[in-house]
Amino acid sequence: ELKVEQNPLFLSMQEGKNYTIYCNYSTTSDRLYWYRQDPGKSLESLFVLLSNGAVKQEGRLMASLDTKARLSTLHITAAVHDLSATYFCAVVSLRNDMRFGAGTRLTVKP
Amino acid sequence: DVKVTQSSRYLVKRTGEKVFLECVQDMDHENMFWYRQDPGLGLRLIYFSYDVKMKEKGDIPEGYSVSREKKERFSLILESASTNQTSMYLCASRMRLAAYNEQFFGPGTRLTVL
């Protein structure tokens, strides 16, 4: 059974600092997604990573995928308050349904 | 833009009531999904459907059923609501099962069972 683990679950950081969120998954998959969720809102797609070594960047966020290590990272550069949200990674299983990590609740403080 | 809508944003029901949650997507997606979201547990799949009248159990189907009579509509049914079904329910849709497509989410329904 595919399991997806994120860490940390809670992250409080100062504006301007860098940090990385990690996403490990237990079985082979070639598709990994990152989503953002603001309080009381639904999930918004950030990145879709489709192959080993894939790297995508949008603003201060950069996501990468290592399928051999079954690891994806979401790196935050020079954090700003607007990045405060919960971030989820998700992996597509062999049945082609999407399995989610527990989420990382990020708070960026001034 | 893909639009996934859910019938209610907030719902309060009593234990034992039958509850219907409706989801509609407007982009002709074959695949639709129902998740529940609880703090610290992420999103857990309840049921999904890859075609009209087709359904597959997810990780936590107990206490739920689904209906997909039309391609654009996927309903989640709580036959007899219980307090442990108090949760946020999210519907999602995706274009094709085997394709590298994004999954789009509805706004969610926050259900409280008293």
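Source: prediction; values computed, not measured.

Visitor: Would you mind showing me how to read the overall build of chain A here?
Guide: Counting its regular elements, chain A contains zero helices and eleven strands. At 13 Å, chain A has a C-alpha radius of gyration in line with the 13 Å of a compact globule built from 110 residues. Taking the principal axes of its C-alpha atoms as reference, chain A extends roughly 40 × 30 × 20 Å. Looking at the 110 residues of chain A, the share that counts as buried comes to 47%. Working note: accessible area of chain A is about 5,400 Å², and carbon and sulfur atoms make up 50% of it.

Visitor: Can you help me understand the interface of chain B and chain A in this one?
Guide: Note: interface size is frequently given as the accessible area lost on complex formation between the parts. Listed per partner, the contact involves 26 residues of chain B and 21 residues of chain A. Buried surface at the junction of chain B and chain A, both sides included, amounts to about 1,800 Å², of which 50% is carbon and sulfur. Connecting chain B to chain A are one salt bridge. The salt bridge partner of B:Asp59 is A:Arg99, with a shortest N-O separation of 3.2 Å. Taken together, the connections running from chain B to chain A amount to seven residue pairs in polar contact (both at pLDDT 80 or more). For the side of chain B that touches chain A, the elements supplying multiple residues, two or more each, are strand S4 (31-38), strand S5 (42-49), strand S6 (56-57), strand S9 (87-94) and strand S10 (103-105) of chain B. A breakdown of the residues in the side of chain B that touches chain A according to their chemical character gives 13 nonpolar, seven polar and six charged.

Visitor: What is the right way to read the layout of surface pockets from this model?
Guide: In this approach, a probe sized like a water molecule rolls over the atoms, and the result shows the empty space that is left. Approximately 610 Å³ is the volume attributed to the largest pocket. It is strand S11 (residues 104-109) of chain A that provides the largest number of residues to the lining of the largest pocket, a total of four residues. Taken as a whole, the second largest pocket spans an internal volume of roughly 250 Å³. Around the second largest pocket, the lining comprises 17 residues; the ones closest to its centre are A:Phe100, B:Leu41, B:Leu43, B:Arg44 and B:Asp59. Listing elements by their share of the lining of the second largest pocket, those giving two or more residues are strand S1 (4-7) and strand S10 (98-100) of chain A together with S5 of chain B. Tallied by class, the residues present in the lining of the second largest pocket amount to nine nonpolar, two polar and six charged.

Visitor: Would you mind showing me how to read the sheet that holds strand S8 (residues 73-78) of chain B here?
Guide: Backbone-to-backbone hydrogen bonds join strands into a sheet, with any given pair of strands oriented parallel or antiparallel. Residues and elements named next belong to chain B. Taken in spatial order, the four strands line up as S1-S3-S8-S7 in an open sheet, and their pairing is antiparallel. The outermost strands of the open sheet, each flanked by one partner alone, are strand S1 (4-6) and strand S7 (64-70). Ignoring which end each strand starts from, the neighbouring axes of this sheet average 20 degrees apart. With five bridges joining them, S7 and S8 adopt antiparallel strand pairing. Of the residues in S8, the one forming a bridge with Tyr64 is Leu78.

Visitor: Whenever I open this one, the pairing of S4(B) confuses me. Can you help?
Guide: A regular strand carries its side chains on alternate faces of the sheet. Residues and elements named next belong to chain B. With respect to burial, S4 is a largely interior element, eight of its eight residues being buried. Neither face of S4 is left uncovered, since the one carrying Asn31, Phe33, Tyr35 and Gln37 and the one carrying Met32, Trp34, Arg36 and Asp38 both have all their residues buried. Sheet topology note: the S4/S9 ladder contains seven bridges and is antiparallel. Along S9, the bridge assignment pairs Met32 with Ser93. Counted between consecutive antiparallel strands, the loop separating S4 from S5 contains three residues, among which Gly40 sits at a positive phi close to 80 degrees.

Visitor: I would appreciate a short explanation of unusual backbone geometry in the present structure.
Guide: A negative phi angle characterises most non-glycine residues, just as the trans form characterises most peptide bonds. Residues and elements named next belong to chain A. Residue Pro8 follows Asn7 across a cis peptide bond; omega there is 0 degrees. With respect to the element layout, Pro8 can be found in the loop between S1 and strand S2 (10-14). Backbone geometry at Arg70 places phi at a positive 55 degrees, although glycine is not the residue there.

Visitor: Whenever I open this one, the environment of A:Ile21 confuses me. Can you help?
Guide: All names here are of chain A. Here Ile21 shows up in strand S3 (residues 19-25). Ile21 gets classed as buried once you look at its relative accessible area, which sits at 0%. Among all residues touching Ile21, those that are not within four sequence positions of it are Gln6, Asn7, Leu11, Trp34, Ser72, Thr73, Leu74, Ile76, Tyr87 and Thr104.

Rules behind the numbers
- Residues numbered from 1 in each chain as written.
- Chains lettered and ligands numbered in written order.
- Predicted model: local features only at pLDDT ≥ 70, side-chain atom pairs only at ≥ 80, totals over all residues.
- Heavy atoms only, no water.
- Helix = DSSP H or I, 4+ residues; strand = E, 2+ residues; numbered from the N terminus.
- Rg over C-alpha atoms; globule rule 2.2 N^0.38 Å.
- Buried < 20%, exposed > 50% of the residue type's maximum accessible area, 1.4 Å probe, protein only.
- Areas by Shrake-Rupley, 256 points an atom, 1.4 Å probe, with all protein chains shown as cover.
- Contact = heavy atoms within 4.5 Å.
- Buried area = accessible area lost by both parts, 1.4 Å probe.
- Salt bridge = Lys/Arg side-chain N within 4 Å of Asp/Glu carboxyl O.
- Polar contact = N/O pair within 3.5 Å; in protein donor to acceptor, adjacent residues only side chain to side chain.
- Nonpolar A, V, L, I, M, F, W, Y, C, P; charged D, E, K, R; others polar.
- 1 Å grid on protein atoms, 1.4 Å probe; cavity = no way out; pocket = protein on both sides within 12 Å on 5 of 7 lines; lining within 4 Å.
- Points joined across faces, edges and corners; volume = space filled by probe spheres on them.
- Pairing = 2+ DSSP bridges.
- Axes fitted to C-alpha atoms, helices over the stretch in contact; angles between N-to-C directions.

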